[in-house]
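Structural description and commentary
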Amino acid sequence: MDVFGLAVAAGGDFLCAAAVDAAHELGLYARLADGPATLAELAAAADVVRGQRRLGALCDVLAATGALVRVAPGEARFAAPTSPPPRPVVPRAGWGLLADVIRRDRPLPPEGGALERRYQLHLARAGAAAARELAPLLAGPSLLDLGGGAGAYTAAFLAAHPGATATLVDVHDVLALAAVELAAVRDRVRLVGGDARVAPVGAGHGAVLLSNLLHLHGPSGCAGLCAAAARAVAPGGVVVVKDLRVDEDRGGPLAGLLFALNMAIYTDEGDVHAPFRIRTWLEDAGLVVVEERRLAAAPDAIVLLARRPTAAGSFPRSAGSPGPDLA
Ligand SMILES: C[S@@+](CC[C@H](N)C(=O)[O-])C[C@H]1O[C@@H](n2cnc3c(N)ncnc32)[C@H](O)[C@@H]1O
């Protein structure tokens, strides 16, 4: 079975079908019938007048599934496969509007309301095992959980560190949900509403966590969030980024590429950022990246651990319990 078949078998069939449908609608196969083309050439053929980021995310998915061929690893130059996939029938909603989103370079409106609430609760339940696995890496006695959502990571941290406290930052609507979810440990949690880049969170936290936060933002937003984390962490403390994973050459894994395309559809600038970009934002904020890990409970995720040096310029090399060090 090819990669496209594997994705279908794994349940990504609708998403992959929507990607192929968009490729047909944008005329990518018609253009590639004349020979290989760069992303810029495909954009011109598809009437994508502004921004190629969304089209790039589509081509990454198509290439990872065999619906396009990447001419050389890491290069944004593509050819048609020997037999291009036939155009599937896709309903004109959500991912079915992909070609339109790419042409207009404008995201679909966020779902909001009850759907957003259900999504946050789903994230908290689905993330509980990863949160438990990550908790020992977060040194006590105080955690700052930026974009903490309904609080799965804060809850796991407080369970793993009985004497510790936590500060969770998120937008006001989401904080109401966090207050309910964290009711059992409410006396150990401070909830702060607002933009995590500027919210009054204090300083000297032993650990700062950015879990599934950076993918909602573009480069300048990510740089600002990493800078906020660096300001808030104590000297010698740890900043942990956990997020979806894509390879540096954006050749895979498919789950990360599909998620990146989802961000291209639903956010202004969101993306699944390659590890070297996250490292750069952390290092530009004055932190020292000490480890890159994977989580058994979330194989599609990456975890980067960075330390704020002490005044003497030293920091512990490792945080918490040992794990596969991929740095
Ligand atoms: C995908 S959820 C992740 C929630 C939680 N950290 C987790 O991993 O399960 C991202 C959260 O970040 C919040 N968020 C995004 N940008 C933010 C910002 N600039 N300031 C505060 N919260 C933000 C969103 O409201 C959302 O609750």
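Residues numbered from 1 in each chain as written. Predicted model: local features only at pLDDT ≥ 70, side-chain atom pairs only at ≥ 80, totals over all residues. Heavy atoms only, no water.

1. Things to note about the site of the ligand
- Near the ligand there are 17 residues, and of these Gln120, Gly147, Asp170, Ala196 and Ser211 occur at the shortest range.
- Within the contact set of the ligand, an oxygen atom lies 2.8 Å away from a side-chain nitrogen or oxygen of Gln120.
- For the ligand, whose unbound accessible area comes to 600 Å², protein coverage reaches 91%.
- Of the residues in the shell around the ligand, the class split is seven nonpolar, eight polar and two charged. (Near = heavy atom within 4 Å. Polar contact = N/O pair within 3.5 Å; in protein donor to acceptor, adjacent residues only side chain to side chain. Areas by Shrake-Rupley, 256 points an atom, 1.4 Å probe, with all protein chains shown as cover. Nonpolar A, V, L, I, M, F, W, Y, C, P; charged D, E, K, R; others polar.)

2. So, the sheet that holds strand S4 (residues 142-146)
- Sheet architecture is open: seven strands sit in the order S6-S5-S4-S7-S8-S10-S9, paired in mixed fashion. With partners counted over all chains shown, the strands left at the sheet margins are strand S6 (189-193) and strand S9 (288-295), one partner each. For this sheet, the mean inter-axis angle between neighbouring strands, taken without regard to orientation, is 20°. (Pairing = 2+ DSSP bridges. Helix = DSSP H or I, 4+ residues; strand = E, 2+ residues; numbered from the N terminus. Axes fitted to C-alpha atoms, helices over the stretch in contact; angles between N-to-C directions.)

3. A word on the nonpolar core
- Ranked by size, the top nonpolar core spans 46 residues in total, and within it Leu28, Leu55, Leu58, Leu62 and Leu261 carry the most contacts.
- Elements supplying a minimum of two residues to this core: helix H1 (3-25), helix H2 (28-32), helix H3 (39-45), helix H4 (53-64), helix H5 (98-104) and helix H11 (254-266).
- The biggest single contributor to this core is H4, with eight residues.
- When residues are assigned to domains, this core turns out to be shared by domain 1 (3-104) and domain 2 (114-307), each giving three or more.
- Filtering out sequence-adjacent residues up to four positions away, Leu58 remains in contact with Ala19, Ala22, Ala23, Leu26, Leu28, Leu98, Ile102 and Leu261.
- Ranked by size, the runner-up nonpolar core spans 33 residues in total, among them Leu137, Ala156, Ala178 and Val185. (Core = buried A, V, L, I, M, F, W, Y, C linked by side-chain atoms within 4.5 Å. Buried < 20%, exposed > 50% of the residue type's maximum accessible area, 1.4 Å probe, protein only. Domains from an automatic or database assignment. Contact = heavy atoms within 4.5 Å.)

4. Focus on the environment of Arg231
- Checked against the element boundaries, Arg231 lands in helix H10 (residues 219-232).
- Relative accessible area serves as the criterion here: at 52%, Arg231 is assigned to the exposed category.
- Look past the residues within four positions of Arg231 in its chain and what remains in contact with it is Arg197, Ala203 and Arg308.
- Of note is the side chain of Arg231, whose polar atom sits 2.9 Å from the backbone oxygen of Arg197.

5. Some remarks on the pairing of strand S8 (residues 233-244)
- Among the twelve residues of S8, eleven are classified as buried, and the element is accordingly described as predominantly covered.
- Where strand S7 (residues 205-211) lies against S8, six bridges are found, and the strand directions are parallel. Residue pairing in the sheet places Ser211 in a bridge with Lys242 of S8.
- Note on the crossover from S7 through H10 to S8: the handedness is right-handed.
- Both S8 and strand S10 (residues 298-307) contribute to a ladder of seven bridges, which runs antiparallel. Paired with Val241 across the bridge in S10 is Leu304. (Right-handed = clockwise from strand over helix to strand, strands pointing away.)

6. Regarding the sheet that holds strand S1 (residues 37-38)
- Across the sheet, which stays open at both edges, the three strands sit in the order S1-S3-S2 with antiparallel pairing between neighbours. Either end of the sheet is taken by a strand with one partner, and the two such strands are S1 and strand S2 (69-70).
- Bridge count between S1 and strand S3 (residues 77-79): two bridges; the pairing is antiparallel. Residue pairing across strands places Ala37 opposite Phe78, the latter belonging to S3.

7. Examining the domain arrangement of the chain
- What the domain assignment reports for the chain is domain 1 (3-104) and domain 2 (114-307).
- Look at where the C-alpha atoms of domain 1 and domain 2 centre, and you get two points 31 Å apart.
- On the side of domain 2, 17 residues touch domain 1, which itself brings 18 residues to the contact.
- Taking both partners together, domain 1 and domain 2 bury about 1400 Å²; carbon and sulfur atoms supply 67% of that area.
- Summed over the three residues of domain 1 that lose the most area to domain 2, namely Arg53, Arg54 and Trp95, the buried surface amounts to 36% of that side.
- The tally of links between domain 1 and domain 2 comes to one salt bridge.
- Note that Arg250 and Asp60 form a salt bridge whose closest N and O atoms lie 3.3 Å from each other. (Buried area = accessible area lost by both parts, 1.4 Å probe. Salt bridge = Lys/Arg side-chain N within 4 Å of Asp/Glu carboxyl O.)

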